[in-house]
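Observations on chain architecture
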Amino acid sequence: MNKKLQKIIFSSLALVLSLIIKIEIIDNILQIFSCFVLLEDDIKETIIKLKHKNILNRHFLLCLTSISFILVGYYIVLLEFLIFYLLEKYVIEVFIEKKQEKIINKLNKNNEQTNLKTVSGYVKVKWENVQVGDIIYIKKGEYSLVEGILISESATYQSFFEEEISNLKMNEKSPSGCIFKEDVLIKVLKTYELSFYNQMIKKIENIKENEYITSTKRIEKSFNQLFIVITVFFSLVSIIYLKNDISTSLLILFTTLSLLLENNIIRLIENIYFNSLVRILKQGIYFTKKNILEIIQKVRIVLFSKFGVLTKGRLTISKIIPVYQTREEVLRIAAHVEYGSTHPMAIAILNEYNKKIETENIYLTENIKGMGKKANIEGKEVYIGNELLFDKLNIAYPKVEFSQPTCMLAIDNTYVATFVFNDVIKEDSYLVSSLLRETGIEKVVLFSSSKPEQIKKLGNYLSMNESYAALTLEDKIEVLKMYQKEGKTMYVDAFVNDEDMKKNTDLSVLCGFSSDADIILPDFDINNLIFLRKEAILLKKKIKIHLISYLIFKLILFLLIILNIINIAYAALLILIYYLILIVYSIKESRF
């Protein structure tokens with residue numbers, strides 16, 4: 001049984017017993033002893049804080065109040081007050097703290113083990129000991145807590161909280177925090193410590209560091225300082241001008257301060273924030289940045305990339321136009337260059353090839369930002385990328401206009417093929433602009449490296465405020481910088497893979513698991529982005545309402561005590577009822 005509950009039951013029985021016996025000396029001993037039992041933790045805290053010269057704290061004031069009541073002989077009132085006071089702490093602990101602890105323990109699986117492939121077979125190791133490049137064997141129904149490349153033929157999985165099943169093919173990236181529906185082999189790309197899943201769990205565990213919580217603490221501290229000044233003033237007035245008894249006035253002073261300086265509202269607001277974060281997790285959304293909800297509700301401009309965000313991003317090869325070599329040969333070379341890449345075009349090429357990659361023939365791979373990729377394949381220098389890359393390298397290529405996305409392949413500085421892809425606009429993409437504007441977003445912008453005619457047409461169809469086409473990586477960074485001067489920005493892409501891009505936006509949103517970002521949406525769904533925005537706005541509103549109602553309640557309680565309308569026990573009972581109402585509301589909204 002909980003220690004606090006044991007004390008409450010014991011003291012309540014002692015109170016009832018003292019009322020039944022009605023022998024004054026026995027009654028007083030029972031009541032005083034019960035008071036000290038209830039005060040045990042506060043006495044210990046007072047001693048610790050006094051050692052650190054922290055005199056003005058609620059534990060010390062509570063002890064001072066209790067001593068004052070004992071000295072004037074108000075034993076029963078004090079005992080009733082302390083029972084209500086401790087009951088309030090017990091309720092907060094059981095329904096708020098224990099619930100949070102239970103959910104965090106459920107999420108935090110770093111002490112669990114996985115199967116590591118070694119030369120002598122498979123051995124059990126903790127997730128925190130798995131290294132990049134390791135191959136792990138995950139059995140059906142087991143969790144994967146690291147990001148990796150699927151080296152089995154195919155797999156199906158679901159995120160920790162989601163019911164929706166997702167599919168993976170060989171060489172595609174597998175996310176962390178998911179349950180596989182069959183036995184799979186994963187090559188580790190990112191350790192547990194750096195995984196999206198672990199970073200998100202840390203954000204939930206360190207909820208006290210969030211901006212809303214710290215600002216709430218500052219507000220309450222200022223309000224408490226004001227109460228202290230007013231309470232001391234009223235006490236002096238009652239003694240000097242109203243000629244009230246000094247002991248009574250001091251009693252009211254200590255009572256008021258000990259009640260009004262408690263800070264359980266912080267825990268309740270932490271719980272509101274906690275509930276929001278877990279709801280986001282349930283949607284299958286990952287986040288790696290501190291104060292994510294605070295920032296997203298301040299965003300005024302959203303910038304979208306095209307591939308994998310507004311279009312389905314699951315590209316397929318429409319045609320391959322080879323020169324000098326066969327279709328099969330240029331596809332094989334392109335697949336070897338793109339091995340390990342998570343760009344939508346790379347995935348389409350690897351899926352079309354669908355054969356084993358001879359990794360021993362791949363050397364000196366290099367990603368060329370915003371343009372393509374370079375590798376040495378079987379002793380030949382191979383480039384794959386867009387027109388910007390070929391122009392930069394002075395490689396001649398056919399100037400043919402395609403309405404669909406394309407990339408080109410060159411071997412030893414000679415153009416050898418063009419790959420043409422199919423990409424379809426998502427059915428709900430036309431809702432993006434209107435839905436975001438409904439949440440207070442001022443501008444929705446489309447920018448891409450695609451050709452102007454494609455982007456202009458798409459921008460008009462999607463009702464974008466502004467559209468930018470044929471952008472290099474440097475151009476995109478300049479556009480981000482320009483919009484940052486107008487307000488907080490959010491950049492949404494299928495593969496946020498450049499630090500300069502992330503540095504020049506307030507929030508980077510990644511649609512997929514291809515790279516790091518502040519927010520990760522495994523499969524871009526406009527409803528998830530709208531959900532995030534609305535959740536952030538609603539959270540701010542809830543915290544504001546709770547804080548204002550709490551401060552008003554404290555003010556009313558203050559007046560009732562100062563004017564001697566209620567005694568300390570009834571004041572504690574009112575606080576208990578107030579918190580019970582908030583807790584019932586909290587439990588109701590936290591049913592996931």
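What comes next is a walk through the structure. (Residues numbered from 1 in each chain as written. Predicted model: local features only at pLDDT ≥ 70, side-chain atom pairs only at ≥ 80, totals over all residues. Heavy atoms only, no water.)

1. Observations regarding the sheet that holds strand β3 (residues 135–138)
The strand order β2-β1-β3-β10-β5-β8 describes an open sheet built from six strands, whose pairing is antiparallel. Only two strands of the sheet have a single neighbouring strand rather than two, namely β2 (121–126) and β8 (173–174). In this sheet, β3 lies alongside strand β1 (residues 113–118) in antiparallel orientation, the contact comprising two bridges. Across the sheet, N115 pairs through a bridge with Y137, a residue of β3. (Pairing = 2+ DSSP bridges. Helix = DSSP H or I, 4+ residues; strand = E, 2+ residues; numbered from the N terminus.)

2. Looking at the pairing of strand β15 (residues 372–377)
Side chains K373, A375 and I377 of β15 all project onto a buried face; the interleaved residues G372, K374 and N376 project onto a face where none is buried. Remark: three residues form the turn of the hairpin made by strand β14 (residues 362–368) and β15, two consecutive strands paired antiparallel; G370 in that turn has positive phi of roughly 70°. Note that β15 and strand β16 (residues 380–385) share six bridges and pair antiparallel. The residue of β16 that forms the bridge with I377 is K380. In this antiparallel pair of consecutive strands, β15 and β16, the connection spans two residues, and E378 shows a positive phi of 50°. (Buried < 20%, exposed > 50% of the residue type's maximum accessible area, 1.4 Å probe, protein only.)

3. What to know about helix α18 (residues 526–562)
An α-helix turns once every 3.6 residues. As a result, residues three or four positions apart point the same way. With 37 residues, α18 should cover 54 Å at 1.5 Å per step; its first-to-last C-alpha distance of 54 Å lies within 8% of that length. In the stretch just after α18, N564 is the one whose phi turns positive, near 60°. (Expected span 1.5 Å × (residues − 1).)

4. Digging into the pairing of strand β7 (residues 166–169)
A regular strand places its side chains on the two faces of the sheet in alternate fashion. Side-chain alternation along β7 places S166 and L168 on a buried face and N167 and K169 on a face that remains uncovered. Summarising the sheet, strand β6 (residues 154–159) and β7 pair through four bridges and their orientation is antiparallel. Bridge assignment links T156 to a residue of β7, and that residue is N167.

5. Remarks on the packing of aromatic side chains
The final tally for this structure, using the stated rule, is seven aromatic pairs. Ring centres 5.3 Å apart and planes at 90° place the aromatic pair F447 and Y491 in the edge-to-face group. Here F447 is found in strand β19 (residues 443–447), whereas its partner Y491 is found in strand β21 (residues 489–493), with 44 residues between them in sequence. What makes Y491 buried here is its relative accessible area of 1%. For the pair F553 and Y578, a centre-to-centre distance of 4.3 Å together with 5° between the ring planes defines the contact as stacked. With F553 in helix α18 and Y578 in helix α19 (residues 568–589), this residue pair connects regions lying 25 residues apart in the sequence. We classify Y578 as buried; its relative accessible area is 13%. (Phe/Tyr/Trp six-rings, centres within 6.5 Å; stacked < 30°, edge-to-face > 60°.)

6. Focus: helix α12 (residues 344–353)
Taking burial as the measure, the 10 residues of α12 include seven buried ones, the bulk of the element. For α12, every residue scored as buried is listed here: P344, M345, A346, A348, I349, L350 and Y353. Where α12 is buried, its residues contact β13 (316–322), α11 (327–337), β16, β17 (406–411) and β18 (414–422). Phi turns positive, to about 50°, at N354, one or two residues after α12. (Contact = heavy atoms within 4.5 Å.)

Purely geometric stuff here, so don't read any function into it on its own.
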